[in-house]
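# Geometric and topological summary
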Amino acid sequence: MQIPLEIPDHVLLPQQDKTSLAQLLKLHTALLLFQSGQLSRGAACEFAGVDIYTFLAACKQHHIETISTDMDEIEAEVIRFKQLRAA
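Just so you know, these numbers come straight off a predicted model, no measurement behind them. (Residues numbered from 1 in each chain as written. Predicted model: local features only at pLDDT ≥ 70, side-chain atom pairs only at ≥ 80, totals over all residues. Heavy atoms only, no water.)

In this structure, L27, A30, L31, F34, A44, C45, A48, F55, A58, C59 and I64 together form the largest nonpolar core, which totals 11 residues. The dominant element in this core, judged by the number of residues it contributes, is helix α1 (residues 18-35), at four residues. Setting aside anything within four residues of it in sequence, one finds L27 in contact with A48, V50, F55 and A58. (Core = buried A, V, L, I, M, F, W, Y, C linked by side-chain atoms within 4.5 Å. Buried < 20%, exposed > 50% of the residue type's maximum accessible area, 1.4 Å probe, protein only. Helix = DSSP H or I, 4+ residues; strand = E, 2+ residues; numbered from the N terminus. Contact = heavy atoms within 4.5 Å.)

Take a look at the structure:
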């Protein structure tokens, strides 16, 4: 799907062309949608047109958590682990 987007020419950096700006916009949109929980990692990679390593590096650069485990899940895992060791 293509979505036309009007961007004033003066917002482009001197060394930036339309293709690189489009790639940057796709990546940043994918990061935002991933961060808000609207896209999975895989879907965000596909949306941005990048591999998982590039996407994870961008997440790190923008301080976006890539693993979301809450304390209740961690505590449940510890309890299961202790039960397995005791058996």
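With that settled, the discussion passes to a nonpolar patch on the surface. A cluster of nonpolar side chains, namely L5, I7, V11 and L25, defines an oily patch on the protein surface of about 330 Å² accessible area. In this fold, V11 is placed in the segment before α1. (Patch = residues over 30% accessible without salt bridge, like charges linked within 9 Å, V, L, I, M, F, W, Y side chains within 5 Å. Areas by Shrake-Rupley, 256 points an atom, 1.4 Å probe, with all protein chains shown as cover. Salt bridge = Lys/Arg side-chain N within 4 Å of Asp/Glu carboxyl O.)

Take the state of the cysteines next. Counted according to the given criterion, the structure contains zero disulfides. C45 takes part in no disulfide bond, and the closest cysteine sulfur, belonging to C59, lies 7.9 Å away. Exposure remark for C45: the relative accessible area of 8% places this residue in the buried category. The class for C59 is buried, based on a relative accessible area of 0%. (Disulfide = S-S within 2.5 Å.)

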